[in-house]
Amino acid sequence: MRVLHFVPSLKAVMDSAVMGYKAALFEAMARCADVMVLTMRGSGPVGNVKVLTCPSSVSLPWRMRRFFNGRLAEFRPDIVHIHACWSVAAYCAFLECRRKGIPVVVTLDRQLEDWHVRRRYWLCKLPALLLFQHRMLSRVGALHFVCGQEFSRFSSFGWHPSLKAGVSLNARTVVIEPFSLSAGESADDMCRRMLSFYRKVVDSDPFGRMDISQLKVEDTLLAIGMWGVSTSSGSLGAPDAMKCLDAEAWRRICLHAYDEGILDYVAYGMKALGIGMPFADVGAVERFSPVPAGNGGVGFAPGNRDSGGTKDGAAVPGLEDALCAEVSAFLAGIRRGVVRRADFVRLCQTLRSADYDEDAVCCRLGRLGLLSDAARLMQIMKERYGLTEGYMFTDPLDDRRTGVLRRKLFKSKIQ
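Cut-offs applied
- Residues numbered from 1 in each chain as written.
- Predicted model: local features only at pLDDT ≥ 70, side-chain atom pairs only at ≥ 80, totals over all residues.
- Heavy atoms only, no water.
- 1 Å grid on protein atoms, 1.4 Å probe; cavity = no way out; pocket = protein on both sides within 12 Å on 5 of 7 lines; lining within 4 Å.
- Points joined across faces, edges and corners; volume = space filled by probe spheres on them.
- Helix = DSSP H or I, 4+ residues; strand = E, 2+ residues; numbered from the N terminus.
- Nonpolar A, V, L, I, M, F, W, Y, C, P; charged D, E, K, R; others polar.
- Buried < 20%, exposed > 50% of the residue type's maximum accessible area, 1.4 Å probe, protein only.
- Pairing = 2+ DSSP bridges.
- Right-handed = clockwise from strand over helix to strand, strands pointing away.
- Expected span 1.5 Å × (residues − 1).
- Contact = heavy atoms within 4.5 Å.
- Polar contact = N/O pair within 3.5 Å; in protein donor to acceptor, adjacent residues only side chain to side chain.
- Patch = residues over 30% accessible without salt bridge, like charges linked within 9 Å, V, L, I, M, F, W, Y side chains within 5 Å.
- Areas by Shrake-Rupley, 256 points an atom, 1.4 Å probe, with all protein chains shown as cover.
- Salt bridge = Lys/Arg side-chain N within 4 Å of Asp/Glu carboxyl O.
- Axes fitted to C-alpha atoms, helices over the stretch in contact; angles between N-to-C directions.
- Parallel < 35°, antiparallel > 145°, perpendicular 65-115°, else oblique.
- Arc of directions from axis to C-beta.
- Core = buried A, V, L, I, M, F, W, Y, C linked by side-chain atoms within 4.5 Å.
- Phe/Tyr/Trp six-rings, centres within 6.5 Å; stacked < 30°, edge-to-face > 60°.
- Lys NZ or Arg CZ within 6 Å of the ring centre and 35° of its normal.

## Points about the layout of surface pockets
Turning to step 1, where the next piece is worked out: The space that makes up the second largest pocket amounts to roughly 360 Å³.
Turning to step 2, where the next piece is worked out: What lines the second largest pocket is a set of 20 residues, and nearest its centre among them are Met19, His83, Ala84, Cys85 and Gln111.
Turning to step 3, where the next piece is worked out: Broken down by secondary-structure element, the contributors of at least two residues to the lining of the second largest pocket are strand S1 (2-9) and helix H1 (10-15).
Turning to step 4, where the next piece is worked out: If you tally residues by element for the lining of the second largest pocket, the top one is S1, at three residues.
Turning to step 5, where the next piece is worked out: The residue inventory of the lining of the second largest pocket, partitioned by class, reads nine nonpolar, six polar and five charged.

## Some words on the pairing of strand S6 (residues 142-145)
Turning to step 1, where the next piece is worked out: Judged by which residues are buried, S6 turns out to be covered on both faces: Ala142 and His144 on one side and Leu143 and Phe145 on the other are all buried.
Turning to step 2, where the next piece is worked out: Relative to S6, strand S5 (residues 104-107) runs parallel, the two being bridged by three bridges. Counted as the bridge partner of Val105 is Ala142 from S6.
Turning to step 3, where the next piece is worked out: As defined by bridge partners, S6 adjoins strand S7 (residues 173-175) across three bridges and the pair is classed as parallel. From the neighbouring strand, Leu143 faces S7, where its bridge partner is Thr173.
Turning to step 4, where the next piece is worked out: Once the chain exits S6 it traverses helix H7 (residues 148-154) before rejoining the sheet at S7, and the crossover so formed is right-handed.

## With respect to helix H4 (residues 88-100)
Turning to step 1, where the next piece is worked out: The end-to-end C-alpha distance of H4, which contains 13 residues, comes to 19 Å, matching closely the 18 Å that a straight helix rising 1.5 Å per residue would cover.
Turning to step 2, where the next piece is worked out: Those residues of H4 lying buried are Ala89, Ala90, Tyr91, Cys92, Ala93, Phe94, Glu96 and Cys97.
Turning to step 3, where the next piece is worked out: Of the surrounding elements, those touching the buried residues of H4 are S1, strand S2 (34-41), helix H3 (61-75), strand S4 (79-82), S5 and helix H6 (121-139).
Turning to step 4, where the next piece is worked out: The distance from a side-chain oxygen at the start of H4 to the backbone nitrogen of Ala89 is 3.3 Å, and the residue carrying that oxygen is Ser87.

## Some words on a nonpolar patch on the surface
Turning to step 1, where the next piece is worked out: Taken together, the side chains of Leu130, Leu131, Trp159 and Leu163 present a nonpolar region at the surface, about 440 Å² in accessible area.
Turning to step 2, where the next piece is worked out: With respect to the element layout, Leu130 can be found in helix H6.
Turning to step 3, where the next piece is worked out: Under the relative-accessibility criterion, Leu130 is labelled exposed at 54%.

## Let's talk about the packing of helix H9 (residues 212-227) against helix H12 (residues 263-272)
Turning to step 1, where the next piece is worked out: Two numbers describe how H9 lies on H12: the axes approach to 7 Å, and their chain directions differ by 90°. Classified by the angle between their axes, H9 and H12 sit roughly perpendicular to one another. Of the residues in H12, those touching H9 at Glu218, Leu221, Leu222, Ile224, Gly225 and Met226 are Tyr265, Val266, Tyr268, Gly269, Met270 and Ala272.
Turning to step 2, where the next piece is worked out: Counted by class, the contact of H9 with H12 contains nine nonpolar, two polar and one charged residues.

## Here we look at helix H17 (residues 400-411)
Turning to step 1, where the next piece is worked out: Between its first and last C-alpha atoms H17 spans 17 Å; for twelve residues at 1.5 Å apiece the expected length is 16 Å, and the two agree.
Turning to step 2, where the next piece is worked out: Those residues of H17 not exposed but buried are Thr402, Gly403, Leu405 and Leu409. Buried residues along H17 cover an arc of 155° about the axis, so they all sit on one side. Residues of H17 that are exposed and angled more than 90 degrees away from the buried face: Arg400, Arg407 and Lys411.

## Thoughts on the pattern of salt bridges
Turning to step 1, where the next piece is worked out: Counting across every chain of the model gives 29 salt bridges.
Turning to step 2, where the next piece is worked out: Notably, a salt bridge pairs Asp188 with Arg31, separated by 2.9 Å at the nearest N-O pair. Of this pair, Asp188 sits in helix H8 (residues 187-204) while Arg31 sits in the loop between helix H2 (21-30) and S2, and the two are 157 residues apart along the sequence.
Turning to step 3, where the next piece is worked out: The class for Arg31 is exposed, based on a relative accessible area of 54%.
Turning to step 4, where the next piece is worked out: Overlapping salt bridges bring together Arg199, Asp203, Glu248 and Arg251 as one network.

## Looking at the pairing of S1
Turning to step 1, where the next piece is worked out: Burial analysis of S1 places seven of its eight residues in the buried class, which makes it a mostly covered element.
Turning to step 2, where the next piece is worked out: Relative to S2, S1 runs parallel, the two sharing seven bridges. Looking across to S2, one finds that Leu4 is bridged to Met36.

## Regarding the sheet that holds S6
Hydrogen bonding along the main chain pairs the strands of a sheet, whether they run parallel or antiparallel.
Turning to step 1, where the next piece is worked out: One open sheet holds the seven strands; their spatial order is S3-S2-S1-S4-S5-S6-S7, and the pairing between them is parallel. Looking at the sheet topology across the chains shown, the edges are occupied by strand S3 (50-53) and S7. In this sheet, neighbouring strand axes are inclined to one another by 20° on average, regardless of whether the strands run parallel or antiparallel.

## Describing the nonpolar core
Turning to step 1, where the next piece is worked out: Core analysis: the largest hydrophobic core is formed by 55 residues, its most contacted members being Phe344, Leu351, Leu377, Met381 and Phe393.
Turning to step 2, where the next piece is worked out: Elements supplying a minimum of two residues to this core: H9, helix H11 (247-259), H12, helix H13 (318-336), helix H14 (341-353), helix H15 (358-367), helix H16 (371-385) and H17.
Turning to step 3, where the next piece is worked out: Top element by residues in this core is H9. It accounts for seven residues.
Turning to step 4, where the next piece is worked out: If we skip the residues at most four places from it in the chain, Leu377 touches Phe330, Leu331, Ile334, Phe344, Leu347 and Leu405.
Turning to step 5, where the next piece is worked out: Grouped together as the second largest cluster of nonpolar side chains are 43 residues, Ile82, Phe132, Leu137 and Leu169 included.

## Points about the packing of aromatic side chains
Turning to step 1, where the next piece is worked out: One pass over the structure, following the stated rule, counts 13 aromatic pairs.
Turning to step 2, where the next piece is worked out: Summarising the aromatic geometry, the rings of Phe154 and Phe157 are spaced 6.5 Å apart at their centres and angled 10° between planes, so their arrangement reads as stacked.
Turning to step 3, where the next piece is worked out: Geometrically, the ring pair formed by Phe197 and Tyr198 is tilted, given 6.2 Å between the ring centres and 35° between the ring planes. You'll find Phe197 and Tyr198 in the same group, each marked buried.
Turning to step 4, where the next piece is worked out: Taken together, the ring pairs connect Phe145, Phe151, Phe154 and Phe157 into an aromatic cluster.
Turning to step 5, where the next piece is worked out: Cation over ring: Lys125 sits above Trp86, and NZ or CZ is 5.4 Å from the ring centre.
Turning to step 6, where the next piece is worked out: Lys200 extends its terminal NZ or CZ atom over the ring of Phe288, reaching a point 4.3 Å from the ring centre.

Here you go:
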């Protein structure tokens, strides 16, 4: 595992009696993982750990982001551990990691204690909370606390120490005490616990680390599992890409397929190609609970916007009416980010197996103003799910708004 630690001031850490344990932790971790420490203010070497100090010219936020972007591209970490709280540089590092899909862990080092938040609250802490701190704490992959008291106080952390929140900002938390404060524990013991924590965080968001080749491999395996043969135009060249995948890549593919409800199809595709599963029970992998997708909302109900009927006023048969309702609800689900790949598979199989009147479906969707969106949906299903035009009720449409739909699905961590 490749781990990048970001410490705004390594000198302050080395000189601190409370946070001095971090240096020994970095050394222990470097013996069993690929570790690099990135800091704004260094203090000399830390054992066998590679330490990189930001140049003094990197002081403005946009320069920080450019610098972090370059270091992330060079080191290519599996996870980034930020040891900071009230730091603009830490937020810049978080933004670059989020843009690249790299999971982030934050250690707060008790910087959210009431006495610390109250200190210069109106001049520093409140502006920081409004501008970046609240957003970063709620969106990071996980939070690491150094004691149970810090964890319990964070569960009710609000905009002011006197205001207690009813819901925790982030439920992905862990308490790992510093080895210097735990009797009988060494730096190696804490290192093993931290690496297990990192693994849990990385496994909780497999899609973020999947590249184009891995997405194509998943499409190919899904197409084989669905139709018995790879028919997806987006998966061309995927068999060659399979030979280059390592164990971590296969792990991400299986975990994402499990999250999207298509693991059975992917597993069948792997079996057909003679590829073994990377682990026996994907569902037993220790992970954080997924972040709820979408923001809720009311789905499509048949007859909401139109009473039904074809152009000539005749009633649409029940099968066609049900299919229109399913497509309409599906498009609404995409807009809210609540669909999964399993839903695409079910719709593909419905279109392929149902005997319906294509003209009646097109007429109804046209009256609802959804025919163009449905044509763009057909294009996505053609590219990623191998649905051929002979089973589509309308010709697929590939235009600018189709690209918007692709980006929406990507941001929803679907494909």
